[in-house]
Amino acid sequence: MDDTWHALLENPAVGLALCDLQCVIQHANPVFASLFGLDVCTARGQALLRLASPHALEETLHNLRRACSGETRAFIFHGRHPHNLQPFAVMMAALPLASAGRPEGVACLAFALTGPAGGGDALTLLDSLGEAAAILDDAGHILWTNPAFTRITGYDLSGLTPSPVPFLPAGTNLMNRARPELTRNGFWQGEVEGQKQDGTRLALLASVSPLPEQLPEDASWLLLLSDVSHHRNYAEQLERMVHHDTLTGLLNREAFRERVANALYRCRDAGSRLAVLFLDLDGFKAVNDSHGHKAGDRLLGDFSKRLRALAHEAEGGVDVARLGGDEFAVLIPPQTDPLPQAESLCRGLLALFDVPFSVSGQQHRLSVSIGASLGPKGHETASDLLHCADQAMYRAKRKGGRRFFIQHYPTEGADDLSMQIIDFEQAIRHQQIEAHFQPIVDLDSGAITAIEARVRWNGGIGQQLTAADVLRAAQQAEANWLLDHAVLEQVVVAMDRLATEAVTALPVAVNISAATCANDTSAAQLEGFLSRSGLKPEQLRLEFPCEALSKSPGTVVPLLQRLAAKGHAIAIDHVASADFKATHLNEVPVQAIKLDEDLVKQAPGDAASAGRIRDICLAAQKQSLRVGAEGVVRLDQLEFLRQAGCHEGQGPLISRPSPLDHLLFLLKKGRCW
């Protein structure tokens, strides 16, 4: 403890407690102890959360966690005296403690809100805050503001109170939005948008807490405001970079796949169908080779403008994307029968090429091959429908291009399917399967806790395929063990490389397919490989799909029991429901579960998905299981997962899968933020 904190502990006018990162009091002075109904001796070792009132527990946890992460927080601490359980309230400022840049705990300053001082000490603290603070009456009118309120919002309300919240649109009452949550939990937090007095856009993180009844009768609520305009702008830029193609501004492949997945959920709920169109420009390669890549990029930009204009005119609105190169895609949203609109849109797309493109002063006539897939009929994924549309596009191209071909899922025609299988087996033989590596991080600290091997196909049928496409091709080819084996072999090589580079040892997570662990022969091959690999069990985290346990428990459960007995860490992937314990999980010594990626994509915007994630995390907590999430692409997802109780995360927002060379600097750094 440095001299400054020591001096404050001796100050009879200031209530001060020094806490560790678990917010357990290590030192407290008499003023702080008396405010909480304790003495100095009994205060030491008390957890602040145990002193909080049940209705204020969520707010208290939120503020203390933010303080442990490096933020200064000010809030009303609503508590109950430990001896007589009488409620009390104090104004608290939580300040982060750090040593050599590493968080060590929290310093908590406490001031009485009631009593002879009449809240004067608390108002003095609010006056000195860098955050905007205001005291509201029950109707939501401002009675008092601190100097930071004027600095952040541009509004000086001196002598003008009571006043409506001035930066919100006319007629907007913040308390109408906050009151339901305040009634349920005693605390509300959310983002609000408005304008400064000079008209500048304002984005604020607002929190509302109740004030004690003993304060003057009009004072009901404490409003705290943090300016997050910069963070909002950064988040929007990041969101655009993650989800949009840099050349055309259209959706990129991953964002489009996510839109299709969301639309499939809506289809199944409403019993409707959708259509996916896959476009490939005919003749683009010749123009690109003749005039250069810059001219080719300009042509793609011109076509994107035509495509966007056509989409804007389409009935019901459609999503358009550039998947890469000269490949584009269109999503027709769910409806009773999307076939008529798909046919009409395909004809409109062909008509876009009636007007030639100007390239380097020359006119070039191009055309387009279009494939469309209609679904769902069952449990198709976004990858299934994209693959089906891709196959339909190749059918149109083989017939000379400048035409469209529409087919229903599952794919019609065995010739395309057999071609895909043959190419996949060739990729295995020619070592075109590559393992890329993605860091898994602790969502609280950002520290890298593990690495996951993610499969990539470098080659195949003339295009890059995602992990989902590769896994589907392996399933069709009955080559699941070949794929798992190829990835495991590359993991062994990677572990040797990490040891040579003297990087801190981290476990590598490897996905084992359901088909591998459900088949006695391939399961035995897996066990044999692990025994011969030379890897220590603690170096691997073996991830098995949840559906494998439910569909083939007779084979899978004994396999997982044998692997766990040898020291391997076992994780269950694709968990989509809180009743995962019903899938024979109680028979296997599992250490972790991983949320279904489609659930993560829907949260937190979709209330049902967000609720299922909270239920899963709560069920896992009761079983002492760690919870992981993959596919994290947005800041709001990451914060929601952290608050829901998820321990680990991975995804494009944190770091995309990459070759090991690209990942080494992150591993040496040890953290992603």
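Everything quoted here is computed from the prediction, not taken from an experiment.

Undergrad: Honestly, the overall build of the protein chain in this entry has me stumped. Any pointers?
TA: Helix and strand counts for the protein chain stand at 25 helices and 25 strands. Per-residue burial over the protein chain gives 53% buried out of 673 residues. Partitioning the intrachain contacts of the protein chain with sequence separation of at least 6 by distance along the chain shows that 60% fall at a separation of at least 24. Accessible surface, the protein chain: about 30500 Å² in total, of which carbon and sulfur atoms supply 52%.

Undergrad: So what exactly am I meant to see when it comes to helix H17 (residues 480–500) here?
TA: Within an α-helix, residues lying three or four positions from one another point in the same direction, as the helix has 3.6 residues per turn. Here H17 is 21 residues long and its end C-alpha atoms lie 31 Å apart, about the 30 Å a rise of 1.5 Å per residue gives. Listed as buried for H17 are Asn480, Trp481, Leu483, Asp484, Ala486, Val487, Leu488, Val491, Val492, Ala494, Met495 and Leu498.

Undergrad: In this structure, what is going on with the sheet that holds strand E17 (residues 403–408)? I would like to understand it.
TA: Note: strands within a sheet are paired through backbone hydrogen bonds, in either parallel or antiparallel orientation. Strand order across the open sheet formed by five strands is E12-E13-E11-E16-E17, with mixed pairing between neighbours. With one partner strand each, in any of the chains shown, strand E12 (319–324) and E17 form the two edges of the open sheet. Neighbour to neighbour, the strand axes of the sheet diverge by 20° on average, direction disregarded. Bridge analysis of strand E11 (residues 273–282) against strand E16 (residues 367–375) gives nine bridges, and the strand direction is antiparallel. Bridge pairing in E16 places Asp280 opposite Ser369. This element, helix H12 (residues 293–313), spans E11, E12 and strand E13 (327–335) of the sheet and lies at about 10° to E13. Running over the sheet, helix H14 (residues 382–398) touches E11, E16 and E17 and is turned about 140° from E16.

Undergrad: Which parts of the structure should I look at to understand the nonpolar core?
TA: Buried together is how nonpolar side chains tend to be arranged in soluble globular proteins. Ranked by size, the top nonpolar core spans 73 residues in total, and within it Phe437, Phe544, Ile570, Ile572 and Leu641 carry the most contacts. Residue contributions to this core peak at 10 residues, all from H17. Beyond its immediate stretch of four places on either side in the chain, Phe544 contacts Ile512, Cys517, Leu526, Leu559, Leu560, Leu563, Ile570, Ala571, Ile572 and Asp573. With 35 residues, the next largest nonpolar core counts Ala295, Leu299, Leu307 and Phe357 among its residues.

Undergrad: How should the sheet that holds strand E21 (residues 540–545) be read in this particular structure?
TA: Read around the closed barrel, eight strands run E18-E19-E20-E21-E22-E23-E24-E25, paired in mixed fashion. As judged from the nine bridges shared by strand E18 (residues 433–442) and strand E19 (residues 448–457), these two strands associate in the antiparallel manner. Bridged to His436 within E19 is Arg454.

Undergrad: Would you explain the pairing of strand E1 (residues 15–20) in this entry?
TA: For a regular strand, the rule is simple: side chains alternate between the two faces of the sheet. Counting buried residues along E1, five of its six residues qualify, which places the element largely inside the surrounding structure. Relative to strand E5 (residues 102–112), E1 runs antiparallel, the two sharing six bridges. The residue bridging Gly15 from the neighbouring strand is Ala110, located in E5. Here three bridges tie E1 to strand E2 (residues 25–28), and the two strands are oriented antiparallel to one another. Bridge pairing in E2 places Ala17 opposite Ala28.

Undergrad: Help me out: how do you make sense of the side chain of Gln438 in this one?
TA: Residue placement: Gln438 occurs in strand E18. Within the local environment of Gln438, its side chain forms a polar contact with the backbone oxygen of Ser655, the two atoms lying 2.9 Å apart. Residues within four places of Gln438 in sequence aside, it is in contact with Ala450, Ile451, Glu452, Arg454, Gln650, Gly651, Pro652, Ser655, Arg656, Pro657 and Leu663.

Undergrad: Explanation requested: helix H23 (residues 607–622) in the structure shown.
TA: Helix length check: H23, at 16 residues, gives a terminal C-alpha distance of 23 Å against a target of 22 Å (1.5 Å per residue), a fit within 8%. Taken together, the buried positions of H23 are Ser609, Ala610, Ile613, Ile616, Cys617, Ala619 and Ala620.

Undergrad: Help me understand the confidence of the model for the protein chain in this model?
TA: Regions with low pLDDT carry predicted coordinates that are not meant to be interpreted in detail. Per-residue confidence for the protein chain gives a mean pLDDT of 81; residues scoring 70 or more make up 84%. Here residues 114–119 is modelled with pLDDT under 50, and outside its nearest four sequence neighbours on either side it reaches six contacts, counting other chains as well.

Undergrad: When you look at the side chain of Ser513 in this model, what are you seeing that I'm missing?
TA: Its location among the elements puts Ser513 in the loop between strand E20 (508–511) and helix H18 (514–518). Within the structure, the side chain of Ser513 is placed 3.0 Å from the side chain of Asp484, a separation counted as a polar contact. The contact partners of Ser513, leaving out residues within four places of it in the chain, are Asn480, Asp484 and Pro545.

Undergrad: Explain the pattern of salt bridges to me, please; I cannot follow it from the model alone.
TA: Proximity of charged atoms lets side chains of opposite charge pair with each other. Considering all chains together, one arrives at 22 salt bridges under this definition. Taking the shortest distance from any N to any O, the salt bridge between Arg179 and Asp138 comes out at 3.5 Å. A residue pair is termed long-range when its members are at least 10 positions apart, and Arg179 in helix H8 (residues 174–185) and Asp138 in the loop between strand E6 (132–136) and strand E7 (142–145) qualify at 41 residues. Of the residues examined, Arg179 reaches a relative accessible area of 29% and is grouped as partly exposed. Ionic pairing is found between Lys566 and Glu527, a salt bridge with its closest N-O pair at 3.9 Å. Of this pair, Lys566 sits in the loop between helix H21 (553–565) and strand E22 (569–575) while Glu527 sits in helix H19 (residues 520–532), placing them 39 residues apart in sequence.

Undergrad: Please explain the environment of Asn63 as it appears in this structure.
TA: Along the chain, Asn63 falls in helix H5 (residues 57–68). In the structure, Asn63 is positioned 12 residues away from Phe75 in sequence and 7.6 Å away in space, judged by C-alpha atoms.

Undergrad: Any chance you could explain the packing of aromatic side chains here in plain terms?
TA: The geometry of two aromatic rings is summed up by the distance between their centres and the angle between their planes. Scanning all chains against the criterion turns up six aromatic pairs. Ring plane angle 65° and centroid distance 5.2 Å describe the contact between Phe36 and Phe77, whose orientation is recorded as edge-to-face. Residue Phe36 is located in the loop between helix H2 (30–35) and helix H3 (40–43), and its partner Phe77 is located in strand E3 (residues 73–80); the two are separated by 41 residues in the primary sequence. According to the relative accessible area criterion, Phe36 is buried, its value standing at 0%. Residue Phe77 is classed as buried on the basis of its relative accessible area of 0%. Arranged with centres 5.3 Å apart and planes meeting at 35°, the rings of Phe303 and Phe353 form a pair that is tilted. One end of the pair, Phe303, is in helix H12; the other, Phe353, is in the loop between helix H13 (339–351) and strand E14 (357–359), and 50 residues separate them in sequence. A relative accessible area of 0% places Phe303 in the buried class. Put simply, the rings of Phe303, Phe328, Phe353 and Phe357 pair up and form one aromatic cluster. One Lys or Arg, Arg306, reaches over the ring of Phe357 and ends 3.8 Å from the middle of that ring.

Calculation rules
Residues numbered from 1 in each chain as written. Predicted model: local features only at pLDDT ≥ 70, side-chain atom pairs only at ≥ 80, totals over all residues. Heavy atoms only, no water. Helix = DSSP H or I, 4+ residues; strand = E, 2+ residues; numbered from the N terminus. Buried < 20%, exposed > 50% of the residue type's maximum accessible area, 1.4 Å probe, protein only. Contact = heavy atoms within 4.5 Å. Areas by Shrake-Rupley, 256 points an atom, 1.4 Å probe, with all protein chains shown as cover. Expected span 1.5 Å × (residues − 1). Pairing = 2+ DSSP bridges. Axes fitted to C-alpha atoms, helices over the stretch in contact; angles between N-to-C directions. Core = buried A, V, L, I, M, F, W, Y, C linked by side-chain atoms within 4.5 Å. Polar contact = N/O pair within 3.5 Å; in protein donor to acceptor, adjacent residues only side chain to side chain. pLDDT = per-residue confidence, 0-100. Salt bridge = Lys/Arg side-chain N within 4 Å of Asp/Glu carboxyl O. Phe/Tyr/Trp six-rings, centres within 6.5 Å; stacked < 30°, edge-to-face > 60°. Lys NZ or Arg CZ within 6 Å of the ring centre and 35° of its normal.

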